[in-house]
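Here's the letter readout for the chains.
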Amino acid sequence: MLQTLFNGFVTGITMTLPALAVTLLFGVLKFANFAIGAMMTVAAYMAFALNAQLGWPLLPSTIVVAIVCGLLCIAVDVVTFKPLRDRGSITLMVASLGLGFVLENIARLFYGNSARSFAIEIARPFRVMDIRMNKEQMITIVVSTVAMLAMYFLLTRTPVGRAMRAVADNPSLALVRGIESGRIIRWTWFIAGVLLAVGGVLIGMDRAIEPPMGSSYLIAVFAAAIFGGLGSPLGAFLGALAIGIVSEMATLVIPPNYRIGIPLCVIALVLIFRPQGLMGQAHIRR
Amino acid sequence: MSNVLEVQGLHAGYGAGDILKGVELTVAEGSVVTIIGPNGSGKSTLVKTLTGLLRTRQGDIVLKGKSVKDLSPPERVRAGMSYVPQEYNVFRNLTVLENLQIAHEFMSAGRGGKRGKPLSDEMEALFPELPSRYKALAGNLSGGQRQMLAFACALTVKPEVLVMDEPSAGLSPKYMTDIFDCVKRVNEMGVSVLMVEQNAIEALRISHRCIVMANGRVRLASDAAAVLGMRELQSLYLGDVKEAEAPASAAAG
Ligand SMILES: Nc1ncnc2c1ncn2[C@@H]1O[C@H](COP(=O)(O)OP(=O)(O)O)[C@@H](O)[C@H]1O
Ligand SMILES: [Mg+2]
């Protein structure tokens, strides 16, 4: 029971970073980006290349990949989404599905379908208060917590972070308050890229690195972001923890194979009973 | 007296066909100009075109002698055009303080980001209700307080011209009086004001000039006092004025 709770907590905290990326991208760009799964996969493979193939330690590999991934996201936006910006959110969403497919298969092209893992020593699990945990889980908890605190600081204490929230809140008011939306969009992609890269490495550390690794998290991550209220950073954090814990706890009563259904049920229930999500505010339509 | 703002033969619209069909107007330095006109006559469209949210299809917008029609909205802000939209004029999910910080950080041309007080003493005197609510979410303010916040944000950088779209719409009588009083005091600080108003009588009392719009064109431009005196104009263009206010306006004129 406690063990399951802990496992759920770790699953949830692993999803906080991608869920935050989803919610920031949605807030600023107003479309559901389904390429985030494949973006995490690509980032994990890039870290694998530096770490396992070039022999770098995992930490510097991750930092380099995070920055590269942030820049790549800006480039991908310019090439893929920017030309479609005026076409509406459905077009952008479909484009993101296509992009995800392309990215995942680029990874497959280079590394095939077999599962890989980072070159890190496997430490023996240890027990705290009868709960089994391992070093990777500790790293995941620490890294995610630090990243979330950094994001909180960025979003509330820096001009760029405030401007991102302002653009998400009311894009045309942001323009007449002097905020250049192009610049804020680039920042948003960069930050999302960094979050996705770190998230990809954490998932790769926890599971194996394989082409569908990122997309297998897609539904749960979206459930977390929707549950928390799309566009709400705090909501994404709480939503990820809740989805992680609920999915894991559910395996106590339903077969683990059906675990994937839990986030879908959450999405359905939220959309029926509280469409704006936990922390979200009712959407302004103009 | 020179003009801060000159609008020449302005055409603009949303889809096919123009809503604005050649609008001409000027705002003299230091004056308050009020635009009135029936619903749908294009007042908000004009204001959105001035601030750059809507593209100028034809004609020109000249601010302090320079054409701004090809500038983006942020560039126009930094050129000295401040705007208070009619609705959704504060960031509701941000605190009052954050709304003001954003205005400080982004509205001025490089001059901003000063680590000073969120409101200058002058502005604090103008909007005394705001400082006690800095930590509140802007979305939780009352309508009147929200309007004051939007007003204060637009004034964090002293603009060449302040453009307001129906600042008194939907406000209680107390806030309505306060808003017009603020406009008057801001004007006395040397800010030129162009505002759209439905509460025409109150607005015209603090205005120098009045512009009457109909069907995307300027039908009349005249001294505010003169328009206040015209009874037939009120029945024609101030259609939204409440019945009870008509006699009072006659007395004023
Ligand atoms: N976003 C929009 N899209 C299309 N048409 C619009 C839009 N906003 C206003 N209009 C049309 O433009 C005309 C002028 O509207 P508006 O400028 O809001 O008038 P006013 O502010 O004087 O009441 C109206 O016929 C209105 O239907
Ligand atoms: Mg209007």
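Residues numbered from 1 in each chain as written. Chains lettered and ligands numbered in written order. Predicted model: local features only at pLDDT ≥ 70, side-chain atom pairs only at ≥ 80, totals over all residues. Heavy atoms only, no water.

## Description of the interface of chain B and chain A
Short version of the rule: Whether two residues are in contact is decided by their heavy atoms: any pair within 4.5 Å suffices. When two parts are brought into contact, each loses some accessible area as probed by a 1.4 Å sphere; the total of that loss over both is the buried area. Here a salt bridge means any side-chain nitrogen of Lys or Arg lying within 4 Å of a carboxyl oxygen belonging to Asp or Glu.
Contact with chain B, which involves 27 residues of that partner, is made by 22 residues of chain A. Taken together, the two surfaces of chain B and chain A that pack against each other cover about 2,200 Å², and 61% of this comes from carbon and sulfur. Three residues, Tyr88, Phe91 and Phe106 of chain B, lead the burial of chain B against chain A; their summed loss comes to 31% of the area buried on that side. At the junction of chain B with chain A, the criterion picks out three salt bridges.

## Re the pairing of strand S8 (residues 192–196) of chain B
Residue and element names in this part refer to chain B. Just so we agree on the cut-off: Under the scheme applied here, a residue whose accessible area is under 20% of the maximum for its type counts as buried, over 50% as exposed, and between as partly exposed, the area being computed with a 1.4 Å probe on protein chains only. In this text, helices come from DSSP runs of H or I with a minimum length of four residues, and strands from runs of E with a minimum of two, each type numbered from the N-terminal end. Should DSSP find at least two bridges between two strands, the strands are regarded as paired. When the strands point away from the viewer and the path from the first strand over the helix to the second turns clockwise, the crossover is right-handed.
With five of five residues buried, S8 is to be regarded as a mostly interior element. The side-chain alternation of S8 yields two buried faces, one formed by Ser192, Leu194 and Val196 and the other by Val193 and Met195. Pairing of strand S3 (residues 32–36) with S8 involves four bridges; the strand directions are parallel. By the bridge assignment for S8, Val33 is matched with Leu194. Of the strand pairs in this sheet, strand S7 (residues 161–165) and S8 are connected by five bridges, and their pairing is parallel. When the bridges of S8 are listed, Asp165 appears paired with Val196. Viewed along the sheet, the connection from S7 through helix H6 (residues 173–188) into S8 turns out right-handed.

## A look at the packing of helix H3 (residues 96–107) of chain B against helix H5 (residues 143–154) of chain B
Residues and elements named next belong to chain B. Keep this limit in mind: Only the stretch in contact is used when fitting a helix axis, every axis being a line fitted to C-alpha atoms; angles between N-to-C directions are given from 0 to 180 degrees. In what follows, roughly perpendicular refers to angles from 65 to 115 degrees, roughly parallel to angles under 35, roughly antiparallel to angles over 145, and oblique to any angle outside these ranges. The sense of a crossing depends on the near helix, which, turned anticlockwise from the far helix by less than a right angle, makes the crossing left-handed and, turned clockwise, makes it right-handed. Throughout this entry, Asp, Glu, Lys and Arg are counted as charged residues, while Ala, Val, Leu, Ile, Met, Phe, Trp, Tyr, Cys and Pro are counted as nonpolar. The remaining residues, Gly among them, count as polar.
The contact between H3 and H5 brings their axes to 9 Å, and the two run at 20 degrees. Viewed along their axes, H3 and H5 adopt a mutual orientation that is roughly parallel. In this structure, the crossing between H3 and H5 has a hand that is right-handed. Side by side, H3 and H5 meet where Val96, Asn99, Leu100, Ala103 and Met107 of the first sit next to Leu149, Ala152, Cys153 and Ala154 of the second. Taken together, the residues that form the contact of H3 with H5 break down as eight nonpolar, one polar and no charged.

## Observations concerning helix H9 (residues 218–228) of chain A
Counting along an α-helix, one turn takes 3.6 residues, and residues three or four places apart therefore face a common direction. Most of H9 of chain A is tucked away: nine of the eleven residues are buried. Downstream of H9 of chain A by a residue or two, Gly229 of chain A has a phi angle that is positive, lying close to 100 degrees.

## Brief notes about the environment of Asp181 of chain B
Residues and elements named next belong to chain B. Checked against the element boundaries, Asp181 lands in helix H6. Asp181 sits in the partly exposed class, given a relative accessible area of 37%. A sequence separation of 129 residues divides Asp181 from Gly52, and the C-alpha atoms of the two residues are 28 Å apart.

## Details of the site of ligand 1
Residues and elements named next belong to chain B. Note the threshold: Here a residue is considered near a molecule or strand provided that any single heavy atom belonging to it is located within 4 Å of it. Residues adjacent in sequence count toward polar contacts only when both atoms are side-chain atoms; beyond that, a polar contact is any pair of N or O atoms within 3.5 Å, and within protein one must be able to donate a hydrogen and the other to accept it. In short, Shrake-Rupley with a 1.4 Å probe defines the accessible areas, and a residue's cover is counted only from the protein chains shown.
Tyr14, Ile19, Pro38, Asn39, Gly40, Ser41, Gly42, Lys43, Ser44 and Thr45 make up every residue found near ligand 1. Lys43 is positioned such that a nitrogen or oxygen atom in its side chain is 2.8 Å from an oxygen atom of ligand 1. The separation between an oxygen atom of ligand 1 and a polar side-chain atom of Thr45 is 2.5 Å. Summarising the interface, the protein chains cover 57% of the accessible area of ligand 1, which totals 560 Å² for the free molecule. Each residue belonging to the shell around ligand 1 can be placed in one class, and the counts come to three nonpolar, six polar and one charged.

## A word on the sheet that holds strand S6 (residues 81–84) of chain B
Residues and elements named next belong to chain B. Judged by pairing direction, the sheet is mixed, and its six strands sit side by side in the order S6-S7-S8-S3-S9-S10 without closing on themselves. Only two strands of the sheet have a single partner each, and these edge strands are S6 and strand S10 (217–223). Between one strand axis and the next, the sheet turns through 15 degrees on average, direction left out of account. In this fold helix H1 (residues 43–51) packs onto S3, S6, S7, S8 and strand S9 (209–214), with an angle of close to 140 degrees to the strand it touches most, S6.

## Notes on the nonpolar core
Across soluble globular proteins, nonpolar side chains show a tendency to be buried alongside one another. Our working rule: In plain words, nonpolar cores are sets of buried Ala, Val, Leu, Ile, Met, Phe, Trp, Tyr and Cys residues tied together by side-chain atoms within 4.5 Å.
Within the largest apolar cluster, 113 residues are counted, with the highest numbers of intra-cluster contacts made by Met39, Ile179 and Trp189 of chain A together with Leu5, Leu46 and Leu50 of chain B. Top element by residues in this core is helix H8 (residues 181–206) of chain A. It accounts for 13 residues. Look past the residues within four positions of Met39 of chain A in its chain and what remains in contact with it is Asn33, Cys73, Val76, Leu99, Leu103, Trp189 and Leu196 of chain A. The next biggest cluster of nonpolar side chains, apart from the first, holds 41 residues, and it includes Tyr134, Ala150, Ile179 and Ile206 of chain B.

## Details of the pattern of salt bridges
Under the definition given, this model contains 15 salt bridges over all chains. Between Glu105 of chain B and Arg162 of chain A there is a salt bridge whose closest N-O contact spans 2.5 Å. Linking Glu105 of chain B in helix H3 with Arg162 of chain A in helix H6 (residues 159–169), this pair reaches from one chain into another. For Arg162 of chain A, a relative accessible area of 3% translates into the label buried. It is possible to trace a salt-bridge network through shared partners that takes in Glu29, Lys64 and Glu160 of chain B.

## Observations concerning the packing of aromatic side chains
This is how it is decided: Under the pairing criterion, centres of Phe, Tyr and Trp rings, with the six-membered ring standing for Trp, must be within 6.5 Å; the plane angle then separates stacked pairs below 30 degrees from edge-to-face pairs above 60, leaving the rest tilted. Note on criteria: charge over ring means Lys NZ or Arg CZ within 6 Å of the ring centre, with the direction from the centre no more than 35 degrees off the ring normal.
In the structure shown here, the tally under the stated rule is seven aromatic pairs over all chains. Aromatic side chains Phe31 of chain A and Phe81 of chain A sit 5.0 Å apart centroid to centroid with 40 degrees between the ring planes, which places their arrangement in the tilted category. With Phe31 of chain A in the loop between helix H1 (2–29) and helix H2 (36–53) and Phe81 of chain A in helix H3 (residues 58–81), the pair connects residues that are 50 residues apart, well separated along the chain. Neither Phe31 of chain A nor Phe81 of chain A differs from the other in exposure class; each is buried. Put simply, the rings of Phe31, Phe81 and Trp189 of chain A pair up and form one aromatic cluster. One cation-aromatic arrangement involves Lys174 of chain B over Tyr175 of chain B; the distance from NZ or CZ to the ring centre is 4.5 Å.

By themselves these figures say nothing about function.
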